[in-house]
Amino acid sequence: MNYQETLDWMFSRLPMFQRQGSTAFKKDLTNILAFSAVLKHPEKKYPSIHVAGTNGKGSTSHMLASVLQSSGYKVGLYTAPHLKEFRERIRINGEPIHENSVIRFIENHKTFLAKQKLSFFELTVGMAFDYFAVEEVDIAVIEVGLGGRLDSTNIIQPLVSVITNIGFDHMQFLGNTLVEIAGEKAGIIKTKTPVVIGETQEEVAEVFCTVAKQKEAPIYFADKLITGNFESDLKGAYQKKNIKTVVQTCKLLKELDYNISEHALRVGLLNVGRNTGLKGRWQVLQTKPKVICDTAHNKEGLSLVMEQLRKESFQTLHIVLGMVNDKDLSSILFLFPKTAQYYFCKPDIPRGLDAEELKDEALKFGLTGAVYASVDAAYNHALNNATPEDLIYAGGSTFVVAELPI
């Protein structure tokens, strides 16, 4: 198979949560443990950092990788989902995994993958762990896919565990209360391994402290410990919290004899996009009219983005909006401004929410606009309608941003 045929096989044969939703989700480590054994436990061949959290875990992972790269390390970075192309998920020093490496890996393990009925995510975790071992990275930053305790990435023994924050998302898998969700994410805390908590949240801090005590794991609340001012090329106001998480994690890495200077820390934070290829986080696509996109897709993430949007100057606000069909719309739509002009669309995945349904629900919250056949059509209509003094925001789902020209 060539690269495209290999991808087609992966997408067609293996259940994928991002596209299908709950039918593709496996709450069990059996498959990944079996796959790791077949691969000869590659995740044990290099040190790693494990990053979980409801919001900010992707940005935090990319920031950590960028700082470590700026410090001279060969850094593996595993994140999900991808925006444009599968290989974005598996990078070394910002460079995506080679197409030939993907082809070879699938050819070598196709029979096992099909027989064992691995999910798409389980496959990519195994591929990433193996690739980082083969390429002999100095360290790997591993982002949790969903939850923590039973996530496929949770077979690693990291140097540091990181949990950014807790919010309401994926409740059908993780629980309906913040305490339940925190309990799932606390599952990445390992025995005698330091854990950094990004945000001190009264409702769940005790959950983390209890688990950390049971595991004899030193616990650090970054927002209480980091006071300095650090700039980043990631301009979302919400990144201030993620930056503190990164700085605290780097302090712990320095205690473990990693050579991370103040200069490397600041340079790494200022060059996250360039070093790692991260896109879609409060990303300005153009000016006149100004166009901003963001992958925020749950109540906590969107509330921060809408807060920042309100601080922007514009004549008319145009919002290109699409979502997936497993979101509680009532907990999200009230956050959006009633004065904006809306362009409703459905992201091009099976999980995408029908745009007519989104429009009908939005109307209940005073949000009005038209329905378009695709994200592209909605975006182009917004561009055509906007004056140079207007502002266009596109988001609501990672998969809306994935279809934009970023």
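Heads up: the structure comes first, above all this text.
**A short note on the overall build of the protein chain**
Point 1. In terms of regular secondary structure, the protein chain is built from 17 helices and 14 strands.
Point 2. The globule rule puts the C-alpha radius of gyration for 406 residues at 22 Å, and the 21 Å found for the protein chain is close to it.
Point 3. Its C-alpha atoms give the protein chain principal-axis dimensions of about 55 × 50 × 40 Å.
Point 4. Residue burial in the protein chain is summarised as follows: out of 406 residues, 57% are buried.
Point 5. Considering only contacts within the protein chain whose residues lie at least 6 apart along the sequence, 76% involve residues at least 24 apart.

**Comments concerning the environment of Ile49**
Point 1. Topologically, Ile49 is positioned in strand β1 (residues 48-52).
Point 2. For Ile49, a relative accessible area of 0% translates into the label buried.
Point 3. Separated by 111 residues in the primary sequence, Ile49 and Val160 place their C-alpha atoms 5.3 Å from one another.

**What about the pattern of salt bridges?**
Two side chains that carry opposite charge are able to pair once their charged atoms sit near each other.
Point 1. One pass over the full model with this rule turns up 9 salt bridges.
Point 2. Measuring nitrogen to oxygen at the nearest pair gives 3.9 Å for the salt bridge that ties Glu143 to Lys57. Placement of the pair is Glu143 in strand β5 (residues 139-143) and Lys57 in helix α4 (residues 57-70), with a sequence separation of 86 residues. Across the pair, Lys57 and Glu143 agree in class, each one buried.

**Some thoughts on the nonpolar core**
Point 1. Judged by nonpolar contacts, the single largest core of 36 residues is most densely connected at Met10, Tyr78, Phe86, Ile90, Ile106, Met127 and Phe132.
Point 2. Secondary structure elements with two or more residues in this core: α1 (3-13), α3 (30-38), β3 (90-92), α5 (99-116), α6 (120-134) and β5.
Point 3. Among the elements that line this core, the one with the most residues is α6, at 10 residues.
Point 4. Within the second largest apolar cluster, 31 residues are counted, among which are Leu77, Val160, Leu253 and Val272.

**Things to note about helix α16 (residues 375-385)**
Point 1. Looking only at α16, the buried set comprises Val375, Ala378, Tyr379 and Ala382. Along the axis of α16, the buried positions cluster into a sector of 95°, meaning they face one direction only.
Point 2. Residues of α16 that are buried make contact with β9 (283-286), β10 (290-293), β11 (317-321), β12 (341-344), β14 (391-395) and α17 (398-401).

**Description of the packing of α5 against α6**
Point 1. Closest axis-to-axis distance for the α5/α6 pair is 11 Å, and the angle between their directions is 125°. The pairing of α5 with α6 is recorded here as oblique in orientation. Once α5 is placed against α6, the crossing between them reads as right-handed. Across the interface between the two elements, Ser101, Val102, Phe105, Ile106 and Leu113 of α5 pack against Leu123, Gly126, Met127, Asp130 and Tyr131 of α6.
Point 2. Among the residues making up the contact of α5 with α6, the classes are represented as 7 nonpolar, 2 polar and 1 charged.

**Some words on the sheet that holds β14**
Point 1. Reading across the sheet, the 6 strands line up as β9-β10-β14-β11-β12-β13 and stay open at both edges, with mixed pairing between neighbours. Each edge of the open sheet is held by one strand with a lone partner, namely β9 and β13 (369-371). Along the sheet, successive strands turn relative to each other by an average axial angle of 20°, direction set aside.

**A word on a negative patch on the surface**
Point 1. Together, Asp354, Glu356, Glu357 and Asp360 line one region of the surface with negative charge.
Point 2. Inspection of the secondary structure assignment puts Glu356 in helix α15 (residues 355-363).

**So, the sheet that holds β1**
Point 1. Strand order in this open sheet of 8 strands is β4-β3-β2-β5-β1-β6-β7-β8, and the pairing throughout is mixed. Each having just a single partner strand, β4 (95-96) and β8 (219-221) make up the two edges of the open sheet.
Point 2. In this structure, β1 lies alongside strand β6 (residues 160-163), joined through 4 bridges in parallel fashion. Looking at β6, one finds that Val51 is bridged to Val162.
Point 3. Strands in contact with helix α11 (residues 239-255) are β1, β6, β7 (195-197) and β8; relative to β6, the strand with the most contacts, it is inclined by about 170°.

**Comments concerning the packing of aromatic side chains**
Both the distance between ring centres and the angle between the ring planes are used here to describe each pair of aromatic rings.
Point 1. Evaluation of the coordinates by the stated rule reveals 11 aromatic pairs.
Point 2. Their ring planes at 80° and their centres at 6.1 Å tell us that Tyr46 and Phe132 sit as a pair that is edge-to-face. With a gap of 86 residues between them, Tyr46 in the loop between α3 and β1 and Phe132 in helix α6 connect regions that are remote in the sequence.
Point 3. The buried category is assigned to Tyr46, whose relative accessible area is 7%.
Point 4. Of the residues examined, Phe132 reaches a relative accessible area of 0% and is grouped as buried.
Point 5. Plain terms: the ring middles of Tyr342 and Phe344 are 5.7 Å apart, the flat faces sit at 10° to each other, and that makes the pair stacked.

**A word on the state of the cysteines**
Point 1. Using the criterion set out here, one finds 0 disulfides in the structure.
Point 2. For the unlinked cysteine Cys345, the closest cysteine sulfur is that of Cys293, found at 13 Å.

Calculation rules
Residues numbered from 1 in each chain as written. Predicted model: local features only at pLDDT ≥ 70, side-chain atom pairs only at ≥ 80, totals over all residues. Heavy atoms only, no water. Helix = DSSP H or I, 4+ residues; strand = E, 2+ residues; numbered from the N terminus. Rg over C-alpha atoms; globule rule 2.2 N^0.38 Å. Buried < 20%, exposed > 50% of the residue type's maximum accessible area, 1.4 Å probe, protein only. Contact = heavy atoms within 4.5 Å. Salt bridge = Lys/Arg side-chain N within 4 Å of Asp/Glu carboxyl O. Core = buried A, V, L, I, M, F, W, Y, C linked by side-chain atoms within 4.5 Å. Arc of directions from axis to C-beta. Axes fitted to C-alpha atoms, helices over the stretch in contact; angles between N-to-C directions. Parallel < 35°, antiparallel > 145°, perpendicular 65-115°, else oblique. Left-handed = near helix turned anticlockwise from the far one by under 90°. Nonpolar A, V, L, I, M, F, W, Y, C, P; charged D, E, K, R; others polar. Pairing = 2+ DSSP bridges. Patch = residues over 30% accessible without salt bridge, like charges linked within 9 Å, V, L, I, M, F, W, Y side chains within 5 Å. Areas by Shrake-Rupley, 256 points an atom, 1.4 Å probe, with all protein chains shown as cover. Lys, Arg positive; Asp, Glu negative; His and termini not counted. Charge placed at Lys NZ, Arg CZ, Asp CG, Glu CD. Phe/Tyr/Trp six-rings, centres within 6.5 Å; stacked < 30°, edge-to-face > 60°. Disulfide = S-S within 2.5 Å.

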